[in-house]
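Chain residues, written in single-letter form:
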Amino acid sequence: MKGQLRVISIKKFLLPILLVTCYSLLVTTANAGIRSKAAIVMDSSTGRILYGKNPNLKLPPASITKLMTAMVALDRLKLGDTVSISERAASVSPTKANLRAGEKVTVETLLHAALIKSANDAAFALAEAVADSEERFVEVMNQKAIAIGISDTRFINSTGLPGEGQHTTAYDIARMMRHSLRYPLIKEIINTKAIRISTEDGRTIFLKNSNRLLWSDESVLGGKTGYTREAKHCFVCAIEQNNDM
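Quantities reported herein were computed from a predicted structural model and do not represent experimental measurements.

Structural notes on the overall build of the protein chain
Now for step 1: On a plain count of helices and strands, the protein chain comes out with seven helices and nine strands.
Now for step 2: On the protein chain, roughly 10,900 Å² of surface is accessible, and the fraction owed to carbon and sulfur atoms is 47%.

Laid out in structure tokens, this is it:
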């Protein structure tokens, strides 16, 4: 992630949970202002917008897409369900957990890989587990988006990899993050710095969270990073704020 989000620039609002969404370049100093193409700060408890810059500008979602993938998977699957990794899932790149075709892993393991490492192979495997194909899974994703009030977003895949017609907005991403916090496991996973996961046959894989703010600010509950050449750097996070700073 280029730049660093200095939380000091928004702590003056003193609210329970703030949702922060930024695209392309994050604020680098408290006084520099937001230089992203689009950004928003939302009070999670009320949905009230505290700050917005081009909040409805349509932009590629990159790997923030995986928040929706995780929610749909949790709606449709059990955590202990076993998923066999297909050759197609194992071949999805570039960011991946290096799952191998034929390996068996649980849904919970795939969720950790998709949300912590932003692994595309794990997200694709979840899509196949839910709907047998990513194409059918995307239909469920878009239905879910409409159901939770996200109206300017359209998904074409489960990973966030670039493609024609896939877009979202800073406002929609904040709403998606707000909804995802209702899932206890998602909230737990996006707050996890690092973890080892295992396949059914005992092979272990080390995952390190791509959200570097987890190491530098205790008020960060978690978030999701994303990057593609088209989307550039994008980021959404939840910040808990209860005290005067």
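A few points about the confidence of the model for the protein chain
Interpretation of this model should avoid reading the predicted coordinates in detail wherever pLDDT is low.
Now for step 1: Mean pLDDT over the protein chain: 87, with 87% of residues reaching 70 or higher.
Now for step 2: Contacts of residues 1-16 to residues separated by more than four positions or lying in other chains number 52 contacts, the stretch itself having pLDDT below 50.

Here we look at the pairing of strand S7 (residues 204-208)
Now for step 1: Covered by surrounding structure in S7 are Ile205 and Leu207 only, the residues Thr204, Phe206 and Lys208 on the alternate face being uncovered.
Now for step 2: Both strand S6 (residues 194-198) and S7 contribute to a ladder of five bridges, which runs antiparallel. Directly across from alanine 194, in S7, lies its bridge partner lysine 208.
Now for step 3: Here S6 folds back onto S7 in antiparallel fashion, the turn holding five residues, of which glycine 202 has a positive phi close to 100 degrees.

Quick word on helix H4 (residues 120-131)
Now for step 1: In this model H4 runs 17 Å from its N-terminal to its C-terminal C-alpha over 12 residues, within 8% of the 16 Å that 1.5 Å per residue would give.
Now for step 2: Here H4 lies mainly inside the structure; 11 of its 12 residues are buried.
Now for step 3: Three or more residues of H4 are buried, namely Asn120, Asp121, Ala122, Ala123, Phe124, Ala125, Leu126, Ala127, Glu128, Val130 and Ala131.

Here's the deal with the pattern of salt bridges
Now for step 1: Applying the stated criterion to the full structure yields three salt bridges.
Now for step 2: The salt bridge involving aspartate 75 is made with lysine 144; its shortest N-O contact spans 2.8 Å. Note that aspartate 75 is positioned in helix H1 (residues 65-76) and lysine 144 in helix H5 (residues 134-147), a separation of 69 residues in sequence.
Now for step 3: When the shortest N-O distance is used, the salt bridge between arginine 203 and glutamate 103 registers 2.7 Å. Here the residue arginine 203 occupies a position in the loop between S6 and S7, and glutamate 103 occupies one in the loop between helix H2 (87-91) and strand S5 (104-106), the gap between them amounting to 100 residues.
Now for step 4: Judged by its relative accessible area of 18%, arginine 203 is buried.

A short note on the side chain of arginine 203
Now for step 1: Within the local environment of arginine 203, its side chain forms a polar contact with the backbone oxygen of asparagine 98, the two atoms lying 3.0 Å apart.
Now for step 2: Residues contacting arginine 203, with those up to four places away along its chain left out, are Asn98, Leu99, Arg100, Glu103, Ile197 and Ser198.

Details of the side chain of threonine 69
Now for step 1: With respect to the helices, strands and loops of the structure, threonine 69 is situated in helix H1.
Now for step 2: Within the structure, the side chain of threonine 69 is placed 2.7 Å from the backbone oxygen of serine 158, a separation counted as a polar contact.

Parameters at a glance
Residues numbered from 1 in each chain as written. Predicted model: local features only at pLDDT ≥ 70, side-chain atom pairs only at ≥ 80, totals over all residues. Heavy atoms only, no water. Helix = DSSP H or I, 4+ residues; strand = E, 2+ residues; numbered from the N terminus. Areas by Shrake-Rupley, 256 points an atom, 1.4 Å probe, with all protein chains shown as cover. pLDDT = per-residue confidence, 0-100. Contact = heavy atoms within 4.5 Å. Buried < 20%, exposed > 50% of the residue type's maximum accessible area, 1.4 Å probe, protein only. Pairing = 2+ DSSP bridges. Expected span 1.5 Å × (residues − 1). Salt bridge = Lys/Arg side-chain N within 4 Å of Asp/Glu carboxyl O. Polar contact = N/O pair within 3.5 Å; in protein donor to acceptor, adjacent residues only side chain to side chain.

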